[in-house]
Amino acid sequence: MEWILAIVSGFIFACTLYLMLSRNLLRFVFGLSLLTNAGNLVIFTAGRVTRAAPPLIEEGATTAAATTANPLPQALILTAIVIGFGLLVFSIVLAYRNFEEMNTMDPDSIRVAEPLDETDKDAGDVRIEGAEVRT
Amino acid sequence: MSWLLLSPMLIPFLGASVAFLAWNRPRFGQVVGVVSAVLLLITSVALLLDVHANGIRVVQAANWEAPFGISFVADHLSAIMVVLTAIIGLATIVYSLFDINRERTYYGYYPLLLTLLFGVNGAFLTGDLFNLYVWFEVLLLASFVLMSLGGTRPQLDGTLKYVFINLLASALLLVAIGLTYGMTGTLNMADLAVKLPLVENSGLVTAVATMFLIAFGIKAGIFPLFAWLPASYHTPPVAVSAIFAGLLTKVGVYTLIRAFTLLFTQDVGYTHQLLLWAAGLTMLTGVLGAAAQFEIRRILSWHIISQIGYMIMGLALYTPLALVGAVFYITHHIIVKANLFFVGGIIKRLTGSFELEETGGLYKASPLLAVLFLIPAFSLAGFPPLSGFWPKYILFRAGLEVESYLIVAVALITGILTTFSMTKIWAQAFWKGTPEGAARPVRGSRFRELRALYLPVMFLAGITIVIGVYAQPFLELAQASAAELLDSRAYVESVLGEGAYDPVLALTGSELGVAP
């Protein structure tokens, strides 16, 4: 079983890299969502895939009766999924806000923070001046 | 006793919760921020004193015995980092009282800042690899929002690059942690220190070590993984830039030091050689990048990178003296770098611009600010008797002792070029007269009006002078941390109990057959 999962996660990593190398922000975000999933699959595989009972202990007993599956990777993955979801939502909103402000999805053409010449810089200054309100 | 160790996490967490609940009362958020930062400073100094007096302190979360539960460990390095976090946290919060506008305060600036401190302290104190990943995410999410808060166009651009490269690093870290778990069946760092040397497939261990190196390297901003840093660090308000510049990359450096002293020391010839090359190239590219810039915050951002090189150099040389230098360098750097950003913010307030071309005449108008700039600037360049001199001296000496002449030469050149950048700011902003087309005429120091900005600067400049003139206690702390870092036995045995480190000792053959 493990070798199938290893190949699958490797394939997902390849897809992720392909998407992330794209010059479209949206594809990058898609790549990001795949990337955490590929990582989760690696953790799952690294925890060894076994045919065993769920890690539940009978009432009254102190140890599990049969060999149980490893619950730890699942706990780790659960945590990672939640975190990954939060980060994904943030990056989607960030990409959208960038699109709203800059009118482009090509990160290479967004040069407001590191202007190549004066015109880029002036484009960025417009809103800073307006936003400067002190307490 | 356990409360003392957990308080650097609990205080900012409670502060952030209270401040979030009262989000619509900005003034209350400011008060909570200042109070939490002061409490944090007191407890973290107490923790450092406790660690220094009684050795490594350990708390097992919910009393689950290690390695089954999550351990929190405070050794010298962790405790020093926690104290530095508290110092910078306090300085930043006081600076923010004036620097952060009402709009940003209203959108939760202070709770977010406290959440950031919460995450940073957690990362410094945890003794569990997966838990470290979680702390990284806590501090990253807080930093993402802090960086984009306000939503100006440069901020959105900078945040885009900062967020995406950091998410990539986090995913890589997650995969590396998964593979480590697959090899050893444990995630407790002390347990890993025992089990990793026993893994038979040493090639896989080195491969995973390289993954950690890249993941932490992106967060620390080492060559060639630093491009996100100069693209983003100058975009948010100065207070945010300062705390990022002081703390965040140093979390990466701390984890690098932790990983490559405690966990991955099996193939030092490969991993630490790689680190040494990265260190030299980081120093050079950082300082050359700074030389090409004429905007104060961007010069300082590039200098963060070059300074990271010195710390990595200390780790890469991997001798007792070099590690002393690295720890000392971090101590000095966090204070000085945040302070330079703070001074940059005051320059902007007085002259109306961050561009060196448009500033000038500050020496005449504000001798106070000139002195306050010279202290951290010359300290960064490594002039005695300021704090930057000692760690540089120690690192050079450590390099010469192991005959790594090339890295010492690179470090010296970097030092000279750092002086060049600092004198560039000095000559342009302070020495020359007010230029044509300046944004506004400079009218004195405006100390009364800007006192919330001046006080943190004076506080940090004072610490810089104290470290420089009275270096002995700081050197002792750095020596104690280096001793703990080089000999993992104390760390492992305080977490897992007596005799837990014996399998490794038996393997290396240094203390064969000694019964626990």
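Note that this is a predicted model, so its numbers are computed, not measured.

A. Looking closely at the overall build of chain B. In terms of helices and strands, chain B carries 22 helices and 2 strands. The C-alpha atoms of chain B give a radius of gyration of 22 Å, which matches the 24 Å a tight globule of 516 residues would have. Across its three principal axes, chain B shows a C-alpha extent of roughly 75 × 55 × 40 Å. Long-range pairs, those at least 24 residues apart, make up 80% of the contacts in chain B with a sequence separation of at least 6. For chain B, the exposed area adds up to about 17,200 Å²; of that, 67% sits on carbon and sulfur atoms. In chain B, 27 positive and 26 negative side-chain charges are present, and the distance between their average locations comes to 18 Å.

B. Structural detail: the nonpolar core. Leu116, Tyr233 and Phe264 of chain B are the most contacted members of the largest nonpolar core, which has 222 residues in total. Among residues more than four places away in sequence, those in contact with Leu116 of chain B are Leu139, Ala142, Ser143, Leu146, Ile243, Phe244 and Leu248 of chain B.

C. Quick peek at the confidence of the model for chain A. All names here are of chain A. Across chain A, the average pLDDT comes to 82, with 86% of residues at or above 70. For chain A, per-element mean pLDDT is lowest for helix 4 (residues 118–131), which scores 46, and highest for helix 1 (residues 2–20), which scores 93. When the criterion is pLDDT under 50, residues 122–135 qualifies, and its contacts beyond four places in sequence or with other chains add up to 25 contacts.

D. How the structure looks around the interface of chain A and chain B. Between chain A and chain B, the residue contacts involve 47 residues of the former and 45 residues of the latter. Overall, the association of chain A and chain B removes approximately 4,000 Å² of surface from exposure, summing both partners, and the carbon and sulfur fraction of that is 69%. At the boundary of chain A and chain B, one finds 0 salt bridges. For the interface between chain A and chain B, the tally reads 8 residue pairs in polar contact (both at pLDDT 80 or more). Contributions of two or more residues to the side of chain A that touches chain B are made by helix 1, helix 2 (25–46), helix 3 (72–102) and helix 4 of chain A. Ranked by the residues each element gives to the side of chain A that touches chain B, the list is headed by helix 3 of chain A, at 15 residues. Taken together, the residues of the side of chain A that touches chain B sort by class into 29 nonpolar, 9 polar and 9 charged.

E. Broad picture of helix 2 (residues 26–54) of chain B. With 29 residues, helix 2 of chain B extends 41 Å between its outermost C-alpha atoms, agreeing within 8% with the 42 Å of an ideal straight helix rising 1.5 Å per residue. Positive phi shows up at Gly55 of chain B, right after helix 2 of chain B, with a value of about 85°.

F. Looking closely at the environment of Gly47 of chain A. Within the secondary structure, Gly47 of chain A sits in the loop between helix 2 and helix 3. On a C-alpha basis, the gap between Gly47 of chain A and Gln74 of chain A in space is 8.6 Å, while along the polypeptide they are 27 residues apart. Contacts of Gly47 of chain A, omitting those with residues within four sequence positions, involve Asn70 and Pro73 of chain A together with Tyr181 of chain B.

The rules behind each value
Residues numbered from 1 in each chain as written. Chains lettered and ligands numbered in written order. Predicted model: local features only at pLDDT ≥ 70, side-chain atom pairs only at ≥ 80, totals over all residues. Heavy atoms only, no water. Helix = DSSP H or I, 4+ residues; strand = E, 2+ residues; numbered from the N terminus. Rg over C-alpha atoms; globule rule 2.2 N^0.38 Å. Contact = heavy atoms within 4.5 Å. Areas by Shrake-Rupley, 256 points an atom, 1.4 Å probe, with all protein chains shown as cover. Lys, Arg positive; Asp, Glu negative; His and termini not counted. Charge placed at Lys NZ, Arg CZ, Asp CG, Glu CD. Core = buried A, V, L, I, M, F, W, Y, C linked by side-chain atoms within 4.5 Å. Buried < 20%, exposed > 50% of the residue type's maximum accessible area, 1.4 Å probe, protein only. pLDDT = per-residue confidence, 0-100. Buried area = accessible area lost by both parts, 1.4 Å probe. Salt bridge = Lys/Arg side-chain N within 4 Å of Asp/Glu carboxyl O. Polar contact = N/O pair within 3.5 Å; in protein donor to acceptor, adjacent residues only side chain to side chain. Nonpolar A, V, L, I, M, F, W, Y, C, P; charged D, E, K, R; others polar. Expected span 1.5 Å × (residues − 1).

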